[in-house]
Amino acid sequence: MKTKILIIAAITLLHFNSCNPGASFKNIISTDSAVIAKGKASFDLNCSGCHNFLRDAIGPQLGGLTREVSPQWIQHFVRNPKQVIDSGDIRAQKLFKKYKAVMPSFTTYTDKEIDEIIAFINTHEKPQQQVAAAYGKELLNPIPGSITASGLVVALQLLTKVPPSSDNGKLPLTRITKLDFQPGNSASFVLDLRGKLYKLGNNSKPSVYMDMAKLKSNFINEPGKATGFGSFAFHPEFEKNGLFYTTHSEATGSAKADFGYADSIKITLQWVVTEWKTNQPKASVFTGKSRELFRVNMVSGIHGIQEIAFNPTAHKGSEDYGLLYICIGDGGCTENGYPLLAHSKEKIWGTILRIDPMGKNSANGQYGIPVNNPFTSNKKSLAEIYAYGFRNPHRITWSKSGEMLACNIGHSNIEAIDIIKPGNDYGWPLREGIFVINPSGDLTKVYSLPPDDASYNITYPVAQYDHDEGKAICGGFEYHGSKIPELNGKYLFGDIPTGRLFYVNMADLKPGKQAVIKEWKVSFMGIQKTLTQLCGTERVDLHFGQDNAGELYILTKPDGKVYKLRSATDKPKM
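Residues numbered from 1 in each chain as written. Predicted model: local features only at pLDDT ≥ 70, side-chain atom pairs only at ≥ 80, totals over all residues. Heavy atoms only, no water.

### A few points about the overall build of the protein
So the rule is basically this: Only DSSP runs of H or I with at least four residues qualify as helices, and only runs of E with at least two residues qualify as strands; both kinds are numbered from the N terminus onward. Residue burial is assigned from relative accessible area. The probe radius is 1.4 Å, only protein chains are included, and a residue is buried under 20% of its type maximum, exposed over 50%, and partly exposed in between. By the convention used here, residues are in contact when the closest approach between their heavy atoms is within 4.5 Å.
Check the secondary structure of the protein and you find nine helices and 27 strands. Projected onto its principal axes, the C-alpha coordinates of the protein cover approximately 70 × 55 × 55 Å. A total of 574 residues make up the protein; the buried ones form 59% of that total. Of all intrachain contacts in the protein linking residues separated by at least 6 positions in sequence, the fraction that spans at least 24 positions is 67%.

Right, here's the structure in full:
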């Protein structure tokens with residue numbers, strides 16, 4: 001699936017790298033309706049999560065592409081895009097530098113298949129430029145300076161390797177994204193977006209605990225880079241009640257959505273939150289039944305429901321105990337021209353919810369809404385909402401003191417860490433980090449905050465970095481373990497594509513201030529290496545995990561490897 005998306009990402013380089021810029025090649029591209037329909041189907045399935053025809057998203061918008069690039073040139077580029085970039089092609093290198101993506105070669109795609117996609121793209125003109133004069137001068141380098149390296153080096157131990165889930169050995173071999181533990185038990189679990197949840201048994205050998213594709217007939221793991229089996233969370237009393245929760249994506253129209261929008265807006269897929277019950281909590285393979293809590297329509301394949309979690313610091317009898325937090329991305333609605341779906345207390349997209357999964361007072365009667373949620377007294381608001389204004393609250397965690405942190409993946413400029421408070425507004429799509437954006441204009445540009453910014457009541461990140469440093473933030477954890485004292489008081493996180501590793505000191509995370517981010521390194525078998533070197537590819541797809549003892553893990557998708565952080569040295573830089 002990923003390779004098909006990257007084909008279109010590779011094609012878009014041609015905006016910047018045509019052999020004859022400005023030429024029109026419409027007369028040699030098929031206008032047959034059947035060919036265009038096949039191209040549209042392929043585009044919608046494999047490309048729409050990253051590209052549209054309105055504005056730049058994860059990749060560039062594609063309107064007008066065929067007015068600038070010949071089909072023959074596209075065919076050559078798709079066959080070996082890296083060769084074209086490495087040849088010194090100026091425009092290809094410009095886009096590579098902007099989007100920081102390495103495109104593989106696609107020798108298995110036929111000319112006919114690529115021509116069908118090109119025929120569909122050819123039906124879209126380049127959109128008119130949006131005027132943003134009211135926003136002031138664009139900030140070309142929103143965060144000057146660079147993240148500096150600390151003296152922290154952490155030794156990794158290879159814990160296990162998850163079985164490949166890709167077709168024909170294509171990268172990434174797996175799509176592992178989460179490692180978490182079962183409360184009251186030492187068992188850890190690893191999730192592969194392609195549909196399997198693995199339990200780590202003796203010698204940390206993974207075995208399939210749940211296969212979502214077999215349990216849910218409408219399950220899909222495409223389009224997009226984050227669709228599939230999104231997340232899982234065990235109820236804090238799982239050993240007694242056998243309850244745990246999952247999210248997954250399904251095909252459009254699989255069932256009526258509890259949260260939808262106007263018929264004029266496309267639906268690419270649905271995300272579903274499910275409760276599962278087993279009578280054998282200690283079993284190595286799940287058996288039991290399920291019930292659906294709710295489902296949500298999504299405009300595109302990005303920013304779904306990639307995180308659910310219970311507060312591990314809550315104890316029985318406390319306000320937060322047994323309440324499920326659910327991170328809902330904006331579904332790509334802003335990139336696709338529907339920014340009004342996000343940044344609203346009345347809509348579910350771009351929010352963090354808090355529900356009682358065992359209650360019944362929701363609109364559909366399948367879950368409960370805690371009475372102390374921040375918007376329960378406002379009849380126009382969704383009472384499930386705990387906080388809002390997120391593009392993609394990709395990961396949440398809790399500090400030792402019980403403070404909730406979220407990592408919000410940005411668009412083209414800013415990656416952020418937020419302290420989450422009930423009822424607060426975190427700005428997207430009016431803000432990206434501590435900067436202004438135009439939600440109806442060019443989302444790649446950011447501007448300074450206005451003089452009356454305080455009147456917007458937006459809560460800003462406590463740490464952030466720009467795209468000079470990375471591409472998409474990967475949430476991690478404050479270290480809760482006991483084996484590596486050098487990590488005490490640190491929140492460790494990183495950057496998903498590049499695999500760079502960062503930390504902030506917990507004491508520096510204060511509202512209204514920006515904590516200093518430091519970079520840390522890893523070693524393997526006594527040799528200091530980068531994660532790109534360890535997994536042998538420039539796209540690492542980094543994720544973090546934590547076990548029941550608070551020890552931390554690093555997961556890399558391309559090779560399916562799980563590493564445990566074993567020891568560390570910390571020599572301050574002079």
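Next comes the rest of the account.
### Structural notes on the sheet that holds strand 10 (residues 307-310)
Just so we agree on the cut-off: The pairing criterion is simple: DSSP has to find at least two bridges between the two strands. Lines fitted to the C-alpha atoms define the axes, with helices restricted to the stretch that makes contact. Angles between their N-to-C directions range from 0 to 180 degrees.
Taken together, the four strands give an open sheet; going across it, the order is 10-11-12-13, and neighbouring strands pair in antiparallel fashion. A single partner strand is all that each edge strand has here, and the edge strands are strand 10 and strand 13 (385-388). If you compare each strand with its neighbour and ignore which way they point, the axes differ by 20 degrees on average. Alignment of strand 10 against strand 11 (residues 324-328), held across four bridges, turns out to be antiparallel. Bridged to F310 within strand 11 is L324.

### So, the pattern of salt bridges
Selection rule: Any carboxyl oxygen of Asp or Glu that lies within 4 Å of a side-chain nitrogen of Lys or Arg is treated as forming a salt bridge with it.
On inspection of all chains with the given rule, the structure shows 17 salt bridges. Its salt-bridge partner being D453, residue R431 comes within 2.8 Å of it at the nearest N-O pair. One end of the pair, R431, is in strand 17 (residues 431-432); the other, D453, is in the loop between strand 18 (435-436) and strand 19 (463-466), and 22 residues separate them in sequence. Residue class for R431 comes out buried when judged on its relative accessible area of 5%. Linking R500 and E469 is a salt bridge whose minimum nitrogen-to-oxygen distance equals 2.7 Å. With a gap of 31 residues between them, R500 in the loop between strand 21 (490-495) and strand 22 (501-505) and E469 in the loop between strand 19 and strand 20 (473-478) connect regions that are remote in the sequence. Both residues of the pair, R500 and E469, count as buried. What you see here is one network of salt bridges that share partners, running through E469, R500, E519 and K521.

### Things to note about the sheet that holds strand 16 (residues 414-419)
Reading across the sheet, the four strands line up as 14-15-16-19 and stay open at both edges, with antiparallel pairing between neighbours. Only two strands of the sheet have a single partner each, and these edge strands are strand 14 (393-398) and strand 19. When the angles between neighbouring strand axes are averaged without regard to direction, this sheet yields 15 degrees. Taken together, the four bridges between strand 15 (residues 404-408) and strand 16 define a ladder with antiparallel strand orientation.

### Description of the packing of helix 3 (residues 71-79) against helix 6 (residues 111-121)
Condition: Here the word oblique covers every angle except those under 35 degrees (roughly parallel), over 145 (roughly antiparallel) and from 65 to 115 (roughly perpendicular). Crossing chirality is assigned from the near helix's rotation relative to the far helix, an anticlockwise turn below a right angle marking it left-handed and a clockwise turn marking it right-handed.
Here helix 3 crosses helix 6 at 120 degrees, and the two axes come no closer than 11 Å. Overall, the two elements helix 3 and helix 6 adopt an arrangement that is oblique. Here the hand of the crossing between helix 3 and helix 6 comes out right-handed. The residues of helix 6 that touch helix 3, namely those facing P71, I74, Q75, V78 and R79, are D111, I114, D115 and I118.

### Things to note about the state of the cysteines
A covalent bond between the sulfur atoms of two cysteines is what we call a disulfide. Short version of the rule: Here, the term disulfide refers to a pair of cysteine sulfur atoms separated by no more than 2.5 Å.
Tallying each qualifying case throughout the model produces zero disulfides. Among the cysteines around C327, which has no disulfide bond, C407 carries the closest sulfur, lying 10 Å off. C327 gets classed as buried once you look at its relative accessible area, which sits at 2%.

### Observations regarding the environment of I496
Tracing the backbone through its elements, the reader meets I496 in the loop between strand 21 and strand 22. Distance in space between the C-alpha atoms of I496 and D541 is 4.7 Å, their sequence separation being 45 residues. If sequence neighbours within four positions are ignored, I496 has contacts with H394, I409, A472, I473, C474, R539, V540, D541, L542 and H543.

### Focus: the nonpolar core
Rules: Here, nonpolar core means buried Ala, Val, Leu, Ile, Met, Phe, Trp, Tyr and Cys residues that are tied together by side-chain atoms lying within 4.5 Å of each other.
In this structure, L156, F493, L509, W520, L531, I554 and L565 are the most contacted members of the largest nonpolar core, which totals 45 residues. In terms of residue count, the dominant contributor to this core is strand 22 (four residues). With near-sequence residues (within four places) excluded, L156 lies in contact with V522, S523, F524, L531, L534, I554, Y563, K564, L565 and R566.

### A short note on the side chain of E432
Where we set the bar: A residue counts as positive if it is Lys or Arg and as negative if it is Asp or Glu; His and the chain ends are not included.
Along the chain, E432 turns up in strand 17. Within the buried core, E432 has no salt-bridge partner, and the shortest N-O distance to an opposite charge, that of R391, equals 6.5 Å.

### Digging into unusual backbone geometry
The omega angle of the peptide bond from L171 to P172 is -5 degrees, so this bond is cis rather than trans. Positionally, P172 belongs in the loop between strand 1 (148-161) and strand 2 (176-181). Cis geometry marks the peptide bond from W428 to P429, where omega comes out at 5 degrees. Within the fold, P429 resides in the loop between strand 16 and strand 17. Within the chain, S204 stands out as a residue other than glycine whose phi angle is a positive 60 degrees. Within the element layout of this structure, S204 appears in the loop between strand 4 (196-200) and strand 5 (206-211). One non-glycine residue, D541, lies in the positive phi region at around 55 degrees. Inspection of the secondary structure assignment puts D541 in the loop between helix 9 (531-535) and strand 25 (542-546).

### Examining the pairing of strand 21
Burial within strand 21 is extensive, with six of its six residues counted as buried. Burial along strand 21 is two-sided: the face carrying K490, L492 and G494 and the face carrying Y491, F493 and D495 are both buried. Looking at chain direction, strand 20 and strand 21 are connected through four bridges and run antiparallel. Residue E478 lies in a different strand from strand 21, and its bridge partner there is Y491. Two elements, strand 21 and strand 22, share five bridges in a ladder whose sense is antiparallel. In the strand pairing of strand 22, F493 is matched with F502. The hairpin formed by strand 21 and strand 22 contains five residues between the paired strands, and G499 there has a positive phi angle of roughly 75 degrees.

### Quick look at the confidence of the model for the protein
Put simply, the rule is: Each residue carries a pLDDT score, the predictor's confidence in it, ranging from 0 to 100.
Looking at the protein as a whole, its pLDDT mean stands at 90, while 91% of the residues score no less than 70. Predicted confidence is poor over residues 1-23, with pLDDT under 50, and the contacts of this stretch with residues over four places away or in other chains come to 87 contacts.

### Looking at the side chain of T278
Short version of the rule: Pairing of N or O atoms within 3.5 Å defines a polar contact, subject to two protein rules: one partner must be a possible hydrogen donor and the other a possible acceptor, and residues neighboring in sequence count only if both atoms are side-chain atoms.
As for its position among the elements, T278 is in the loop between strand 8 (269-277) and strand 9 (289-298). Looking at T278, the relative accessible area reads 2%, which means it is buried. Within the structure, T278 has its side chain in polar contact with the backbone nitrogen of Q280 (distance 3.0 Å). Setting aside anything within four residues of it in sequence, one finds T278 in contact with Y209, F238, N241, G242, F286, T287 and G288.

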